[in-house]
Every structure is written in structure tokens, then in C-alpha cells.
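Overview (structure and organization)
Spelled out, the chains give:
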Amino acid sequence: MAALPAIASTVEQLDDAIDVHRARGASIAVVMTMGALHSGHAELIKVARGAADVVVVTIFVNPLQFGPDEDLDRYPRQLARDVDVCAREGASIVFAPAPEVVYPATPLVTVTAGRLGDRLCGRSRPGHFDGVLTVVAKLLHLVGPDVAVFGEKDAQQLVLIRRMVADLDFRVEVVGVPTIREPDGLAMSSRNALLTPDDRVHALALHRALQAGEAAADAGPDAVRRAVRSVFDEVGANVRLDYAELVDPRTLGRLDQAGEGLLAVAAWVGSTRLIDNVVLNVGESAGKARTHKEP
Ligand code: PAF
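Residues numbered from 1 in each chain as written. Predicted model: local features only at pLDDT ≥ 70, side-chain atom pairs only at ≥ 80, totals over all residues. Heavy atoms only, no water.

Quick look at a negative patch on the surface
On the surface, Glu12, Asp15, Asp16 and Asp19 cluster together into a negatively charged patch. Accessibility expressed as a relative area gives 45% for Asp19, which makes it partly exposed. (Patch = residues over 30% accessible without salt bridge, like charges linked within 9 Å, V, L, I, M, F, W, Y side chains within 5 Å. Areas by Shrake-Rupley, 256 points an atom, 1.4 Å probe, with all protein chains shown as cover. Salt bridge = Lys/Arg side-chain N within 4 Å of Asp/Glu carboxyl O. Lys, Arg positive; Asp, Glu negative; His and termini not counted. Charge placed at Lys NZ, Arg CZ, Asp CG, Glu CD. Buried < 20%, exposed > 50% of the residue type's maximum accessible area, 1.4 Å probe, protein only.)

Encoded structure:
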């Protein structure tokens, strides 16, 4: 049986748990999550373990990144099971604060994602990335890690976190980890737990669309867009497309020439919104998908 991590729910408990390791000169990696941990999170913890001596996992469903009509209330919460996952993967500390610990008062000053935060997911989730960056900034301050590990499934989030860290001089190394998928290709996500059995089948359209885009990559950006569209046209009303965009992976601006492209999709499957992406070499000479490269 793996050793249980220290569980901290207050800032004082977190400080005490981290001080023990800092006192012996250990390096710290943080994996930030909203809980409902799955194999994708397990992979983040594994990478974090390889990057530092001690891993802190934060579990906090951040109200600031949910819009008024979004799924804050039904977002899956399962702390005891999450702690088991953290124990199994060798995390040393779990920080699982209540909302009033992270936000003792409604914050007046928050981080603004800027124009990159208005694209892709930001168009249908206004303010979402301001909420994400604000809590990531707070958790970076609270944990004080040497390394912070994030999944590449949330590609726009990762781009924005890298920009925040660079633009605001956070002293932390950000590491991105490729998306982990179910055997049939569905990207692992805590929101998959909200899918009905029918939704689960329909959800595969996102991965199929990315594969279709990948297969068309040699023929250029327009061909990629057409291929992706045709998959969503076929599935009809079961999957409501939010966006399917081929963009520059760093600027998130529309990609119209040959080169590296981030193909990102978001769609409603039943009442659950899912996202997925792949990085492609678009153009005449190459067309193979590969893992998201560090910018
Ligand atoms: O990716 C997530 O789970 C969340 O957006 C994060 C980074 C933990 C911030 O709440």
C-alpha cells in the first residue's frame, strides 16, 4: 500500500507540509487539478515526480473560471478517491482547500489573460482564462514550486500559463505533458464522467475530426478545415460544434500557410462541453501529427 500523502486544507497546513521538505533541500513540483483524477492526471504526477523530489497536487474546483450558466455545481467531486490516486502515484502532499481558503474575499485584483484569452475557448467562455490564470497565479504563490506540470489537452490554457509566467516573471519552470487517451481515442477528461453511455459514443467525433484533419494535413490548411467540418456535419445534432480551428500554436492566430498548426476543437456532447487538440505539420511536405512541442 502506497504511503498516504499529507493532506492540507488550509494555507498553514500547506506551509507546514512543504517546509518539512524545503528544510532538507528538496525541490518541489506542483500538479494543479480540479479533482476527479484520471489516468491523464496520473501521468502528470509521474512527470512531476521525474522533475522534482516532492510532488504537491492541488485539488480545487475554481469558481472563478466558471461562467454563471456553466457546470460548477455538477463538476465531479471525489476527494477520497483522488487522494488514493495521489498516493498510488507517489505525490507527497495534497492541497485541497475550500473556496473560502483560496478566496477569503471576492478578489478585486485578478490576472487578465489579454487577447489570447478571447480566442478559441475564450470566445464562448468569456472571463474563463482570467479565472484560470488568477487561481494558477495564487497556487504558484502558495506552493512556491520549482516546476509546474500541466496537460497539453488544455492547449490554450498552457499557452496562457506560459505567457503569464514569462510576462510576470514567475520563477517556475512550466512543463507540458501530451494528452492521454482512452483506447478508442477519447481524450481523458474529468468531464467524461458526466457523459451518458450515448454521449460517450458521440464524443468520439472530436477525436475522429482531429484524425481527419491530420490525414488532410499534407494538402494544406483549407483541406484540414474541410476534413474536420465534414466529420461534424456527419454526426449532426448529437454533437454541437462550438469551434474547430487551425491556429498557430504560439499566437493562437488563424493559420493560413504551411507550418506547424494547432488543430483545436470544442463541442457540446449532450450537456457536456469537451475539448481536444492535436499539433500538425501542415503543408506540402509533411502531415504527421506529433506531440505538442515546447514553445
Ligand atoms: O486544468 C485545470 O484543471 C484547471 O484549469 C486548473 C489549471 C487546475 C486551474 O483551476
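This is not the end of the story, as more comes after the structure.
Description of the sheet that holds strand S2 (residues 28-33)
Across the sheet, which stays open at both edges, the 6 strands sit in the order S1-S4-S3-S2-S5-S6 with parallel pairing between neighbours. Edge positions in the sheet fall to strand S1 (6-8) and strand S6 (173-177), since each has one partner strand and no second. Sheet twist, expressed as the average angle between the axes of neighbouring strands with direction ignored, equals 25 degrees. Alignment of S2 against strand S3 (residues 54-59), held across 6 bridges, turns out to be parallel. Opposite Ala29, over in S3, you have Val55 as the bridge partner. Against the sheet, helix H1 (residues 11-23) engages S1, S2, S3 and strand S4 (93-95), with an angle of about 155 degrees to S4. Packing against the sheet, helix H2 (residues 39-51) makes contact with S2, S3, strand S5 (147-151) and S6, and its axis sits at approximately 155 degrees to S5. (Pairing = 2+ DSSP bridges. Helix = DSSP H or I, 4+ residues; strand = E, 2+ residues; numbered from the N terminus. Axes fitted to C-alpha atoms, helices over the stretch in contact; angles between N-to-C directions. Contact = heavy atoms within 4.5 Å.)

Quick word on the nonpolar core
Formed by 49 residues in total, the largest nonpolar core has its most connected members in Leu14, Val56, Val136, Leu140, Phe150 and Met164. For this core, the element with the highest residue contribution is helix H6 (residues 128-143), accounting for 9 residues. Leu186, Ala203, Leu206 and Leu280 belong to the second-largest nonpolar core, a separate cluster that totals 25 residues. (Core = buried A, V, L, I, M, F, W, Y, C linked by side-chain atoms within 4.5 Å.)

Here we look at the pattern of salt bridges
According to the stated counting rule, one finds 13 salt bridges in the structure shown. Residue Glu89 is joined to Lys46 by a salt bridge in which the shortest nitrogen-to-oxygen separation is 3.5 Å. Pair noted here: Glu89 is in helix H3 (residues 79-89) and Lys46 is in helix H2, with a separation of 43 residues, a long-range link. In this structure, the salt-bridge partner of Arg163 is Asp167, at a minimum N-O distance of 3.3 Å. One end of the pair is Arg163 and the other is Asp167, both in helix H7 (residues 155-167) and 4 residues apart, which spans about a single turn. Given a relative accessible area of 43%, Arg163 falls into the partly exposed group.

A short note on unusual backbone geometry
Negative phi characterises most residues that are not glycine, and trans characterises most peptide bonds. The phi dihedral of Leu120 is positive, around 45 degrees, even though this residue is not glycine. With respect to the helices and strands, Leu120 occurs in the loop between helix H4 (99-102) and helix H5 (121-124). A positive phi angle is found at Asp169, which is not glycine, with a value near 55 degrees. Tracing the backbone shows Asp169 in the loop between H7 and S6.

Details of the packing of aromatic side chains
Following the criterion strictly, the structure yields 2 aromatic pairs and no others. Seen from their ring centres, Phe60 and Tyr103 are 6.1 Å apart, and the 50 degrees between their planes marks the pair as tilted. Of the two residues, Phe60 is situated in the loop between S3 and H3 and Tyr103 in the loop between H4 and H5; the sequence distance between them amounts to 43 residues. Pair check on accessibility: Phe60 and Tyr103 agree, each one buried. With centroids separated by 5.9 Å and ring planes inclined at 80 degrees, the aromatic side chains of Phe66 and Tyr75 adopt a geometry described as edge-to-face. Take Phe66 and Tyr75: they sit in the same class, and that class is buried. (Phe/Tyr/Trp six-rings, centres within 6.5 Å; stacked < 30°, edge-to-face > 60°.)

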